[in-house]
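# Structural description and commentary
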Amino acid sequence: CESMDEVITDEKALAFKSYIERIQATGDNIVVVNFLPDILLLQYKICFDPLILHPDGMSIITAEYPVKMAIQNFLQNLPFNGELSVEALEDTLQEVNGVTDLQKLEVSSKWIEPGVGYGLFQPIEISRIPKSGRFKIEDWGGIQYINYQPTDS
């Protein structure tokens, strides 16, 4: 299995483009995009249950990182066009065992502009379809775990 974080080789891209040209319906204009993934930036405060998760997000029982795993699984199972819904992502995070609540600080992405490279991060308000067809996270430092206790006021 090839990495989803890479572009396909020129030979494979040419073969795929030739195949698409043969099977496409007359009049259809299909553009084949072979870019590196759009970069996703997530900044969340994750409220955790200290009986289930360590302050760094590691599960006390399995020694895995269930929030990170849930995000990676979510990104691998986006619809065909790669559309990321912020609400669906947050629903996924809320379902992680040990997550009691969360606060979104920022969800944004950047993508490759042909001939330029990656642009600046742009906020994702509700949803976004990635220019490359997929997202990847390079920096997980935006996920903070807090042992939040509500106050009376």
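Residues numbered from 1 in each chain as written. Predicted model: local features only at pLDDT ≥ 70, side-chain atom pairs only at ≥ 80, totals over all residues. Heavy atoms only, no water.

### Remarks on the overall build of the protein
Scanning the protein from terminus to terminus reveals 3 helices and 9 strands. Burial status across the protein gives 32% buried among its 153 residues. Taking as baseline every contact in the protein between residues at least 6 positions apart, the subset at least 24 positions apart corresponds to 69%. (Helix = DSSP H or I, 4+ residues; strand = E, 2+ residues; numbered from the N terminus. Buried < 20%, exposed > 50% of the residue type's maximum accessible area, 1.4 Å probe, protein only. Contact = heavy atoms within 4.5 Å.)

### Section: the pairing of strand 1 (residues 38-48)
Across the 11 residues that make up strand 1, a large majority, 9, are buried. One ladder, built from 2 bridges, connects strand 1 with strand 8 (residues 135-136); its direction is parallel. Counted as the bridge partner of Ile39 is Lys136 from strand 8. Here strand 1 runs beside strand 3 (residues 99-110); their pairing, made up of 10 bridges, is antiparallel. Its bridge partner being in strand 3, Phe48 is matched across the sheet by Val99. (Pairing = 2+ DSSP bridges.)

### What about the environment of Ser85?
Relative to the assigned elements, Ser85 resides in strand 2 (residues 84-85). For Ser85, a relative accessible area of 26% gives the class partly exposed. For the pair Ser85 and Ile124, spaced 39 residues apart in sequence, the C-alpha to C-alpha distance is 8.8 Å. Beyond its immediate chain neighbours, meaning those up to four positions away, Ser85 contacts Phe74, Ile126 and Ser127. There is a polar contact of 3.2 Å between the side chain of Ser85 and the backbone nitrogen of Ala88. (Polar contact = N/O pair within 3.5 Å; in protein donor to acceptor, adjacent residues only side chain to side chain.)

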